[in-house]
Each structure stands twice: as C-alpha cells, then as structure tokens.
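# Breakdown of the fold
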Amino acid sequence: MKREIIVLALVPMLFFGCKKQKDDKSTEQSSEMIQVKFSTEGFQQKIEPRGSKASTITSGITAAGSEISNLQLLVYDLQNKLIVRKENISESSKQIDNTFTFEIPKGRYKIGLVGHNVNWSTMYFNINESNPLLHELSVGIHAFPDFPVNTYYFSDAFVYKYKEFNFQSDTTLSPLTLNRLTSKLEINIEDAIPEDIKFILVGGKINPILSPFTGITTNYNGKGYVVFDIGAEKLKTNTILATPIYPYLDKEDQPVQLEVLFFNSSYKQIGIKTIDKVVLKSNHITKLNGKLFSNTSNGNLTTNLSLDYSKDILIGSF
C-alpha cells in the first residue's frame, strides 16, 4: 500500500513536466528562414545643409560632423538576444544606402535603427548586446588638445525606437521613419569680432551622451565646449556660429546656461560670457541673437526664448 502511494504522487509531476516542455517549445523561433526587406525615410529630408565659413546669415561658421554617415540596424528576439546587426556606411560623395535585407527564422522580433556620424571621430555608438534599450551615443572629446578645456564635436543623430514585428513569411515592410534626436544651435553675433580673438568656444555643462532608445540622461558633471575658428571673421558683424548639440532628452523643458569662452591664437583664454535660459529640444533649432563683445570680460547675457516653434525654431536674444 505504501509503495502505491509513492507511484501516484509522481503522476502530477510527470504531467507538469510535459506541460512545461510544451510551453518552452511554443516560445522558440521556427527554424524556417524568411527574408525581410525595408527602407528608411525621414532622416535624409530633415538634415539641413551646414554652411562653410562665412559671416552671412544663411551659412555661418559650422562645427564639423553634421552629416549622417552611418546607419545601423539592430534586431533582437523577445528574449533580448541580438539576432541581426547590420551597418550601412556612406561612401565618399555618395548618399548613404537606406535599405536593409536580412534573413531570420520565423517569429517575433524587435527592430531598432540609429543613424549618426562617424567621420572626424565625432560620434561613438556603444552597443549593449544583452539589452536593446541600453545603447549609447557619445561625442568625440579632446578634438583640440591645445585648449585647457575639454572640446566636443557634435553631429546629428536619428533613431527609430524599437517596435515589435511578427514575421511568418517573406516580408517587405513599409519605410521606417527615423526621428532626429539632436538640436541645432545658432548664435548670431551682431557686433564686430575683435581682432585679438581667434577662437570662440561655446558650451559648459552640456550633455555629451545620448541614450537614443530610453532618453535617459547619463549623470555627467564635467564641462565641454564646441570650438569655432573665427580667424577669418575678425572685425565682421552678424557672424553665425552653428552646431548640432545634444539636448537633455528627459529635461528638455528646463533651460540650460551656456558659457562662451574667447581665446587668442596662442590658445590663451582672454574672456568669458554666459548666456542664460537657453532651451534645447530634439529636432528643434535654437536661434540666439545679440552682441557678445561689449565688455568682453566676465559678465552675463540673458535670453528670452519664445517657445512658439511650430517650424522647429526657438528664437531668443542676448
């Protein structure tokens, strides 16, 4: 009698084991391979031309690295395993290839895309293979080692946030649209640039790292600056300084303070100004207008920004 009780007690365990095996099998991807094709749109049309050096209101002095040169595809399964990583890099004088074709087993997947710039060592894309949300874009630092401060090169960045797809046969998707993450900063210097100023650096506690898929800002307390060589603009008025710049994606409604540093040709700092209450938002242009060189020594410049940016422009003065 005692032996019969032991045998009966094992029966539920056998049924449980069969059920678990069946559940595990249902979550596996099929071994049958299918082909997926799609193209991207959005980021090409949204890139504005960045002018070369000039003291005109249409071009201005622009920091390097504002073209998209790299488009990366990331495909994860629902267990956060990286299944496909493909990279399209633009060739010299050619438009970047915005189409992707790849083969995967039947099943459900998450697709994400990042477009950015790798020329001039302006931007680095750090992949976290075990977590599709924890990738990071970071700017190039120390581009000018002669300056006593960290210097940044920003470039445009675009993202298609992860979306789940169920692929059961060969599929051609509709074009996937990437959205710009970066802001564009334009500073119109209305007064004449003094003859002894060779470089203008703009920055301070600005954001050097983007998390494209979460928008969470990394806790970074250092300072960095974008360098503009304005030697050819001496004594000219209405010179525009323009650069892509990273906003604090999770704090876009909080104004930031910008520092403007003045250096001579020997890389010696000869002045500083601050611009308060500057709003930076992804896919928006912040335009600041005013005079920088009245009393070039330490001082404050204040902006009053209009938040009516229906055409992607934030306008302020200093």
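About the criteria used
Residues numbered from 1 in each chain as written. Predicted model: local features only at pLDDT ≥ 70, side-chain atom pairs only at ≥ 80, totals over all residues. Heavy atoms only, no water. Pairing = 2+ DSSP bridges. Helix = DSSP H or I, 4+ residues; strand = E, 2+ residues; numbered from the N terminus. Salt bridge = Lys/Arg side-chain N within 4 Å of Asp/Glu carboxyl O. Buried < 20%, exposed > 50% of the residue type's maximum accessible area, 1.4 Å probe, protein only. Core = buried A, V, L, I, M, F, W, Y, C linked by side-chain atoms within 4.5 Å. Contact = heavy atoms within 4.5 Å. pLDDT = per-residue confidence, 0-100. Phe/Tyr/Trp six-rings, centres within 6.5 Å; stacked < 30°, edge-to-face > 60°.

Hydrogen bonds along the backbone pair up the strands of a sheet, which may run parallel or antiparallel. Read across the open sheet, the five strands follow the order S4-S3-S6-S10-S13; overall the sheet is antiparallel. Looking along the sheet, the strands with just one partner apiece sit at the ends: strand S4 (82-89) and strand S13 (179-180). Pairing geometry for strand S6 (residues 107-116) and strand S10 (residues 158-167), over eight bridges, is antiparallel. Opposite arginine 108, over in S10, you have asparagine 166 as the bridge partner.

Here seven bridges tie strand S3 (residues 70-77) to S4, and the two strands are oriented antiparallel to one another. Across the sheet, the residue bridging to leucine 74 is arginine 85, located in S4. Between S3 and S4, which pair antiparallel one after the other, the connecting turn spans four residues, and asparagine 80 there sits at a positive phi close to 65°.

What follows is about the pattern of salt bridges. Tallied over the full model, the rule gives eight salt bridges. Note that glutamate 32 and lysine 106 form a salt bridge whose closest N and O atoms lie 3.1 Å from each other. Placement of the pair is glutamate 32 in the loop between helix H1 (2-27) and strand S1 (33-41) and lysine 106 in the loop between strand S5 (99-105) and S6, with a sequence separation of 74 residues. Among the salt bridges present, the one from lysine 198 reaches aspartate 229, with a minimum N-O distance of 3.2 Å. Here lysine 198 is found in the loop between strand S14 (183-189) and strand S15 (199-204), whereas its partner aspartate 229 is found in strand S17 (residues 224-229), with 31 residues between them in sequence. Classification of lysine 198 as partly exposed rests on a relative accessible area of 24%. Classification of aspartate 229 by relative accessible area gives partly exposed; the value is 25%.

Core analysis: the biggest nonpolar cluster contains 40 residues, and Leu137, Ile200 and Leu258 have the highest contact counts within it. No other element matches strand S19 (residues 256-263), which puts four residues into this core. When sequence neighbours within four positions are dropped, the list of residues in contact with leucine 258 reads Leu185, Val202, Gly203, Ile206, Lys273, Thr274, Ile275, Val278 and Leu288. Ile34, Ile68, Phe158 and Leu176 belong to the second-largest nonpolar core, a separate cluster that totals 22 residues.

Okay, unusual backbone geometry next. The phi angle at asparagine 238 is positive, at roughly 55°, despite the residue not being glycine. In this structure asparagine 238 comes out as partly exposed when scored by relative accessible area, which is 35%.

Mean pLDDT for the protein: 77, with 73% of residues reaching 70 or above. Counted against residues more than four places away or in other chains, residues 43-60, with its pLDDT under 50, gives 48 contacts. Low pLDDT (under 50) marks residues 296-311, which in the prediction has 45 contacts with non-local residues, meaning those over four places away or in another chain.

Moving on to the packing of aromatic side chains. As enumerated under the stated definition, the model contains 11 aromatic pairs in all. A ring pair is formed by tyrosine 162 and phenylalanine 213, whose centres lie 4.4 Å apart and whose planes are at 35°; its orientation type is tilted. With tyrosine 162 in strand S10 and phenylalanine 213 in the loop between strand S16 (209-210) and S17, this pair connects stretches of sequence that are 51 residues apart. On the accessibility criterion, tyrosine 162 (17% relative accessible area) is buried. Residue phenylalanine 213 is classed as buried on the basis of its relative accessible area of 7%. Through pairs of rings, three or more aromatic residues link up here, namely Phe147, Phe199, Phe263 and Tyr267.

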